[in-house]
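A structural walkthrough
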Amino acid sequence: MSLRITLATAARVLAQLRHDPRTIVMMLAVPSLLISLLWWVYDGGRLFDVVGPALLAIFPFLVMFLVTSIATLRERTSGTLERLLAMPTGKLDFLLGYAVAFGSVALVQAGATAAVAVGLLDMQTAGPAWILVVVAVFDALLGVALGLFVSAFASTEFQVVQFMPALILPQFLLCGLLVPRDELPDVLGAVSDVLPLSYAVDAMRDVQAATDPAVAGDVLVVVGFSVALLALGAATLRRRTP
Amino acid sequence: MNLSAGRSPGDTSRAADAAVRARGLRVVRGARTVLDDFDLDVRQGTLTGLLGPSGSGKSTLMRAIVGVQRVAGGAVDVLGRPAGAKVLRDRVGYVTQEPAVYGDLTIRQNLRYFARVLGAPRSDVDRVIDQVQLGSHADHLVSRLSGGQRSRVSLATALLGTPELIVLDEPTVGLDPVLRVELWGLFHRIVEAGATLLVSSHVMDEAERCERLVLLREGSLLADDTLPNLLERTGTGDAEQAFLKLIEQADNGMRTP
């Protein structure tokens, strides 16, 4: 593993993004617009305070999953991944480069969304709002890790986009946003317990409800899933191919 | 230097001056055996042309030399090390047939990134842009370039740093004749500077620009010689005729053992 190559890769991914201002605007503005829409839907009522933080967990996960899975699929199909691996690039350099790049985008994205939710829409959280941003960045990294892994199982962008409803929507349905997790049917509750997004939403909920939120445990689970997915992703990066 | 020395079984070319040395190489892709019991020697400091019709195994052989091809048997040594070894990764340049560069970056951004990956000096970026004559487009997005320009960006990437072996898969496809001549001039200058070049082509007239020719057909070695020797052996006037003659001889040889 080489810090030079990791940072060069992160800088390169960000440079690619800079050439695509429309995507940048969408990544940064859409979550803020959606959370404003949600505020309007609930007419600024108490339910907004409950659902808002959960959405802050879901946006970065979803957006970074999509962006990463398509970006790495392109690397796999365009030959640039093969070229990088034939050069001194380590698999970890490649994976961490993406994680650093999209993790920093997520930081800006979550910061903007939280600022809109708390500052403009007066979302009430018992705990400090900055923890929302920290948790959101870890959720983004989870999305990056899942996207890197999943891109190995798609050969076209059509296929990779289908992983969104297949892998993200069930997590969305079971993460406690629609029905609290402890009120789910037993089987679904158990499934919900092994899905990473559940822990991401739990952490956000905690910030919303507790003045001194204990998010470390939930965040650790999210980090654990991310590391495991990155390891699986590394196994799909092959220097020699058939 | 005796370039015309033919290869013979048990060829004892020393590993030290072999840029590439393949023995019994066997590559299976899907249900097809692309290369079988394949031997090859490429001496350091030579410009070798790898010629043969499409589907003859040129790209697969190049991939095996670079170390990105899964190999079913045999061995390939590059610069005295097993192909794909870690120490070779900044000593071997490789250009695939399809340009492998980032369309959403400028030429300069692409090369700057690959230079950093290779640990090559920053000044290399301008050098290689000049070498492939893309100076006037350096800050253009690669996706806006023509196909030929894009493949020159890919070529420039392989010239970063100081590669000792450069493997180029059909680098002149889609280029106009003037550029082709200029690129072959560049290839010769690179070899004069001490590197080894292995260039594949399915255009036979490019054979005349190579010191040594390796002719492939259906995954087996048809000939490995200099052009003058090939012409003499086959009694033909150009590389294409010689190639056809060799195929004919090989086929006859098969029918009447």
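All values reported here derive from a predicted model rather than from experimental measurement. (Residues numbered from 1 in each chain as written. Chains lettered and ligands numbered in written order. Predicted model: local features only at pLDDT ≥ 70, side-chain atom pairs only at ≥ 80, totals over all residues. Heavy atoms only, no water.)

**Section: the UniProt feature "domain: ABC transmembrane type-2" (unreviewed entry) in chain A**
Under the feature "domain: ABC transmembrane type-2" (unreviewed entry), the UniProt entry names residues 15–240 of chain A. Structurally, residues 15–240 of chain A is divided into 79% helix and 0% strand, and its ends, taken at the C-alpha atoms, are 28 Å apart. (UniProt positions renumbered as here; feature names shortened; annotations may be inferred. Helix = DSSP H or I, 4+ residues; strand = E, 2+ residues; numbered from the N terminus.)

**Here we look at the nonpolar core**
With 130 residues, the main nonpolar core has A:Met64, A:Phe102, B:Phe187 and B:Leu197 as its most contacted residues. Per-element tally for this core: the top contributor is helix 3 (residues 46–78) of chain A, with 15 residues. Beyond its immediate stretch of four places on either side in the chain, A:Met64 contacts A:Met27, A:Phe102, A:Val105, A:Ala106, A:Gln109, A:Ala140, A:Gly143 and A:Val144. Listed in part, the 31 residues of the second largest apolar core include B:Ala22, B:Val42, B:Ile65 and B:Leu79. (Core = buried A, V, L, I, M, F, W, Y, C linked by side-chain atoms within 4.5 Å. Buried < 20%, exposed > 50% of the residue type's maximum accessible area, 1.4 Å probe, protein only. Contact = heavy atoms within 4.5 Å.)

**Things to note about the packing of aromatic side chains**
Within this structure, the stated rule accounts for seven aromatic pairs over all chains. On the basis of an interplanar angle of 75 degrees and a centroid distance of 5.1 Å, the ring pair of A:Phe149 and A:Phe153 is categorised as edge-to-face. Across the ring face of B:Phe114, the terminal group of A:Arg83 is positioned such that the distance to the ring centre comes to 5.6 Å. Lying across the ring of A:Tyr199, A:Arg181 places its NZ or CZ 5.5 Å from the centre. (Phe/Tyr/Trp six-rings, centres within 6.5 Å; stacked < 30°, edge-to-face > 60°. Lys NZ or Arg CZ within 6 Å of the ring centre and 35° of its normal.)

**Observations regarding the side chain of B:Arg63**
Mapped onto the elements of the fold, B:Arg63 is located in helix 1 (residues 58–66). Owing to a relative accessible area of 9%, B:Arg63 belongs among the buried residues under this scheme. Only 2.7 Å separates the side chain of B:Arg63 from the side chain of A:Glu82, close enough to count as a polar contact. (Polar contact = N/O pair within 3.5 Å; in protein donor to acceptor, adjacent residues only side chain to side chain.)

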